[in-house]
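So the chains spell out like this:
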Amino acid sequence: MGAGRKTQTININGSGPTNPNPVASHFSSRSLQKNQLGGVIFGCTINTIKECLSSQLFGLPGLHFPYVKNIDPGLPLFLFNYSDRRLHGIYEAASPGRLNINPYGWTTDGSEKTQYPAQVQIHVRQQCQPLLEEQFKPIIADNYYTRGHFWFELDHTQTSKLILLLASSAVASIPYVPQNEASHRNLFQLLPSTGMREEGQAFEKFHPEIEHSNRSSRNSDSIDIAPSFDGDYQTLEARSNVEVVEQDEKDIVFKKLQELALKRETQRYSYVEDSSVTDNKHLEDKSFPGEQLGIEERNEESLPSSSDCQSIITQLIQGMEELKTFKEDQTMKIGYLEHKLAEAEKEIQQLKNRCMLLESGSNPSMADVDELVVESVGGLDQDTSESIYLIGGYDGQSWLSLLNSYFPTQDVLKSLSSMSSVRSYASAAQLNGELYVLGGGDGNGWYDTVESFNPASDNWMFRPSLNERKGSLAGALVNDKIFAIGGGNGSKSFSDVEMLDLDVGRWIPTRSMLEKRFALAAVELNGALYATGGYDGNDYLNSAERFDPREHSWTRIASMTKRRGCHSLVVLNEKLYALGGFDGKTMVPSVDIFDPRTGYWISGEPMKEPKGYFAAAVVKESIYVIGGVKNGDVVLDTVEHFKEGQGWQETKSEAIGRRCFLSAIVL
């Protein structure tokens, strides 16, 4: 075990009260290869363990990164508390090992960079009683390089033994399965109708109950997704049930193996004790000792030793882990291939449409066709100001992690790097030329995570998480600070407002709105923040309010002419446009326009179709409304655009396809 290890000496300032890892002043590694790495131990103190677990983030000094970078999602992890020298678990990686996932983690006020940049996001695999050092030390004895210090890299055998020992004192079996499984059905029915008031029912559905009449009259530009949702629910429910059953089977097998080992051990000791009594009795009765000897030999042959049982259990546990890892790898590969196939099909369809268009025209030469196609595609990189970034959502069959750049004047969609996970009901904002995506969910639960995208490098990175899990919130940039406004978590609506200060490195609670607002819409105009509509837990709102950062307060402004939630709010020619949404009974096409100079809302020309949960943005003095859901749980594949003096026009998008619950922003 000692061969091949590298050791180097460094100085680490471990005196701060919030440092998670008071590592000794020398750093060592076992230099295990990635395929040899079975698990990793991270460090903390009594002062930092809470932050490690609440932020679901573990970290080590930078010189540990050579093996932290080998961590893949699903790898078992453990947390060692230097204060009481106890080992906590069982955790597993929820992300690859990276540098500076949170560059300000475990600092007193966020004014300096973290000393522990080798980081990984985690979640709890199974909650267990922590182990005393005297309990786990024999398992990792080869890792100790001084009396009180040990290497954090674990091979597969050590990891399996630690998992087995921790699991024997499990507090509760917590298989990692998606939350809120009941929400698979009625995917569009989270917001209740205004008639619902009972506590706990407010967020039972993904959006308000919509009448399912006149299904036969639906247009060809949309699709009735209710049957496919039911099938999708059954598929998701089946998958979830399979995961729970597989986990239950593993738990049962594990418990049975433990009982078998205990039973074997008990029988062994019971036999030795009984044989002593029998020997004495036979001596008194002058029995034949040879007969007893034969029985003893036969029993010893039929009873395996406890070490054999332990070895078998370890092998079986390791085999289960390997099968789980293999299955996860295959699932990821299949998902990736399905995603690529869908993108290829869309590109093929776009090329077919171009060919049909060219053939129906003046029949240009192939050179001219190539020139047109190249010019169209090349233009995507030349004028990004004409593009709208479309983020995540739902396409009627799958929750999406996609990021696309959409050029509405050409109906061209460009694929960019996907987010780290599927995300819908999120909000988007821009800061320093980067796109920030806040909160949202995956159809099963809500997120507090935040990611940012850099168009120049086509890369995503994690940012400080929100203070609470929430979705259907609003986001906006005011004075170089991103504000996360309102939203909900499945049981209540929020009036809370959080502000991201990158200088501090975290979200800071700021002045709350005057009303709770779930599925609201908000936007910045002339240095002020406007929030409109939404659902307060009882009713859909037509009220609106404005936040002035100079006064640091919210004030009421005139109410909209219509109640609305799950709508959009955009700025066009110094005016606010509140578009569509749900009024408590049905989806609406209505548009309200607010002029800050007059202080009043007026009714504008309605959209062509009633809809909600769409994306909206302004490009070249035109409003574009993309996708969404209309009455009857129908996901739309249309784009409506509005220009003053020209009104609303609707087109069917071949590039985007059906999409809802998405976010949009122009950088």
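All of the points below concern the structure found in this document. (Residues numbered from 1 in each chain as written. Predicted model: local features only at pLDDT ≥ 70, side-chain atom pairs only at ≥ 80, totals over all residues. Heavy atoms only, no water.)

Here's the deal with unusual backbone geometry
- Across the junction of Gly 89 and Ile 90, the peptide omega takes the value 5°, indicating a cis bond.
- Its place among the elements puts Ile 90 in strand β6 (residues 86-93).
- Positive phi, normally seen in glycine, also occurs at Asp 633, with a value near 55°. (Helix = DSSP H or I, 4+ residues; strand = E, 2+ residues; numbered from the N terminus.)

Looking at the packing of aromatic side chains
- Applying the stated rule across the entire model yields 29 aromatic pairs.
- Each ring, one from Tyr 145 and one from Trp 151, has its centre 5.1 Å from the other, and the planes form 45°; the classification is tilted.
- Ring centres of Tyr 394 and Phe 661 lie 6.5 Å apart, and the angle between their planes is 40°; this geometry places the pair in the tilted category. With Tyr 394 in strand β16 (residues 388-394) and Phe 661 in the loop between β40 (647-652) and β41 (663-665), this residue pair connects regions lying 267 residues apart in the sequence. The pair formed by Tyr 394 and Phe 661 is uniform in burial state, with each residue classed as buried.
- Grouped by ring-pair contacts, the aromatic residues Tyr 394, Trp 399, Tyr 425, Trp 446, Phe 518, Tyr 613 and Phe 661 constitute a single cluster.
- Across the ring face of Tyr 144, the terminal group of Lys 137 is positioned such that the distance to the ring centre comes to 4.6 Å. (Phe/Tyr/Trp six-rings, centres within 6.5 Å; stacked < 30°, edge-to-face > 60°. Buried < 20%, exposed > 50% of the residue type's maximum accessible area, 1.4 Å probe, protein only. Lys NZ or Arg CZ within 6 Å of the ring centre and 35° of its normal.)

A few points about the sheet that holds strand β17 (residues 399-407)
- The strand order β18-β17-β16-β41 describes an open sheet built from 4 strands, whose pairing is antiparallel. Edge positions in the sheet fall to β18 (412-416) and β41, since each has one partner strand and no second. If you compare each strand with its neighbour and ignore which way they point, the axes differ by 25° on average.
- Of the strand pairs in this sheet, β17 and β18 are connected by 5 bridges, and their pairing is antiparallel. Within β18, the position partnered with Tyr 406 by the bridge is Leu 413. (Pairing = 2+ DSSP bridges. Axes fitted to C-alpha atoms, helices over the stretch in contact; angles between N-to-C directions.)

Section: the layout of surface pockets
- In this structure, the second largest pocket encloses a volume near 940 Å³.
- Ala 428, Gly 475, Ala 522, Leu 569 and Ala 664 are the residues nearest the centre of the second largest pocket, which is lined by 37 residues in total.
- If you list the elements that add at least two residues to the lining of the second largest pocket, you get β19 (427-431), β23 (474-478), β27 (521-525), β31 (568-572), β35 (615-619) and β41.
- In terms of residues, the lining of the second largest pocket owes the most to one element, β27, which gives 5 residues. (1 Å grid on protein atoms, 1.4 Å probe; cavity = no way out; pocket = protein on both sides within 12 Å on 5 of 7 lines; lining within 4 Å. Points joined across faces, edges and corners; volume = space filled by probe spheres on them.)

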